[in-house]
Amino acid sequence: RFAINDLKAKKAAIVVDSASDYSMGLSGAFKKAFAEMGGEIVVEVSYVQKDQDFSSQLTKIRSRKPDVIFAPGYYTEIGNMLKQAKTLGIKARFLGGDGWSSPKLYEIAGDAATGHYYADHFFHEDTDPKVKEFVKRFKQKWKVEPSAMAALGYDAVYVMADAAKRIGGNKIDPSSLMQNINQTKDFAGVTGLISLDSNRNANKSLVVLEGRGPGPAFVKRMAP
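Just so it is clear, the structure is predicted and the values come from calculations on it, not from any experiment.

1. Considerations on the sheet that holds strand 7 (residues 192–196)
- In spatial order, the strands read 6-7-8; together these 3 strands make up an open sheet with antiparallel pairing. Edge positions in the open sheet fall to strand 6 (187–189) and strand 8 (202–203), since each of these has one partner strand only.
- By the bridge criterion, 2 bridges tie strand 7 to strand 8 in an arrangement that is antiparallel. Within the sheet, the bridge partner assigned to L196 lies in strand 8 and is A202.
- Sheet strands in contact with helix 7 (residues 148–167) are strand 6 and strand 7, and its direction is about 150° off that of strand 6.

2. A short note on the packing of aromatic side chains
- By the definition in use, this model includes 10 aromatic pairs.
- With a centroid separation of 5.7 Å and 40° between ring planes, the pair formed by W100 and Y118 is classed as tilted. Of this pair, W100 sits in the loop between strand 4 (93–96) and helix 5 (103–109) while Y118 sits in strand 5 (residues 117–120), and the two are 18 residues apart along the sequence.
- Residue Y118 is classed as buried on the basis of its relative accessible area of 4%.
- An aromatic cluster is built from F122, F134, F138, Y154 and Y158, whose rings are joined through pairwise contacts.

3. Quick notes on the environment of E36
- Relative to the assigned elements, E36 resides in helix 2 (residues 21–36).
- Taking the C-alpha atoms as reference, E36 lies 29 Å from F54; in sequence the two are 18 residues apart.

4. As for the pairing of strand 1 (residues 11–17)
- With respect to burial, strand 1 is a largely interior element, 6 of its 7 residues being buried.
- As paired strands, strand 1 and strand 2 (residues 40–47) are joined by 7 bridges and run parallel to one another. Opposite D17, over in strand 2, you have Y47 as the bridge partner.
- Regarding the hand of the β-α-β motif, the stretch spanning strand 1, helix 2 and strand 2 is right-handed.

5. Quick notes on the packing of helix 6 (residues 129–142) against helix 7
- Helix 7 packs onto helix 6 with a crossing angle of 105° between their chain directions and a minimal axis gap of 12 Å. Relative to helix 7, helix 6 is oriented roughly perpendicular. From helix 6, F134, R137 and F138 reach across to helix 7, where they touch A150, A151 and Y154.

6. Observations concerning the nonpolar core
- By size, the foremost hydrophobic cluster in this structure holds 29 residues, and its most contacted members are M81, L82 and F94.
- Elements with a minimum of two residues in this core: strand 1, strand 2, helix 3 (55–64), helix 4 (75–87), helix 5 and strand 9 (206–212).
- In this view, M81 contacts V15, Y47, F54, L58, A71 and F94; residues no more than four positions away in its chain are not counted.
- One finds L7, V16, F34 and M222 within the second-largest nonpolar core, a separate group that totals 16 residues.

The rules behind these values
- Residues numbered from 1 in each chain as written.
- Predicted model: local features only at pLDDT ≥ 70, side-chain atom pairs only at ≥ 80, totals over all residues.
- Heavy atoms only, no water.
- Pairing = 2+ DSSP bridges.
- Helix = DSSP H or I, 4+ residues; strand = E, 2+ residues; numbered from the N terminus.
- Contact = heavy atoms within 4.5 Å.
- Axes fitted to C-alpha atoms, helices over the stretch in contact; angles between N-to-C directions.
- Phe/Tyr/Trp six-rings, centres within 6.5 Å; stacked < 30°, edge-to-face > 60°.
- Buried < 20%, exposed > 50% of the residue type's maximum accessible area, 1.4 Å probe, protein only.
- Right-handed = clockwise from strand over helix to strand, strands pointing away.
- Parallel < 35°, antiparallel > 145°, perpendicular 65-115°, else oblique.
- Core = buried A, V, L, I, M, F, W, Y, C linked by side-chain atoms within 4.5 Å.

Structure below.
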């Protein structure tokens, strides 16, 4: 949705880690949704984790002239990929998932990370009042900015506490707690509104971040 509606992309390339279930899963989801919204996947290429040279894949992508390049990998490979793409003169914007979420991405890629986007669970500069209060209290206690993992852990505890509150009483047994956690709907966490589906996966919003200078910048929050 962000690629098509915000970036006005019509053609996309996909570069996927063929040995990673994470990368393959995100790739499949992007491919399906992008096509359903009228976009065209012009080329798909692959690599495996710990590869360092992506010149052949990127040269193939460059020849197909996509508007965006979806690269659902981890920051080590993506950092090198962004550097090499800049060297090859590729102008298309790269898009990724939370595997990009590390300061090391910017250490590796440098200014080559600028202007590319990825989705994450949380960002400390989100303008949501609930997020701002959480960040303020976290920094007061720990003297650092909270990461996405810190925010997810915080929400996990409060989802459990909310389920316990719904049970009530002084004694909470594990099966009742599990049942009530599974019934969580529209819980307002710092990572967004959280509802659990029939498979106990959390349906919730995400944040879109853009590489700018030495780190990421908040772009927008998107609901499922």
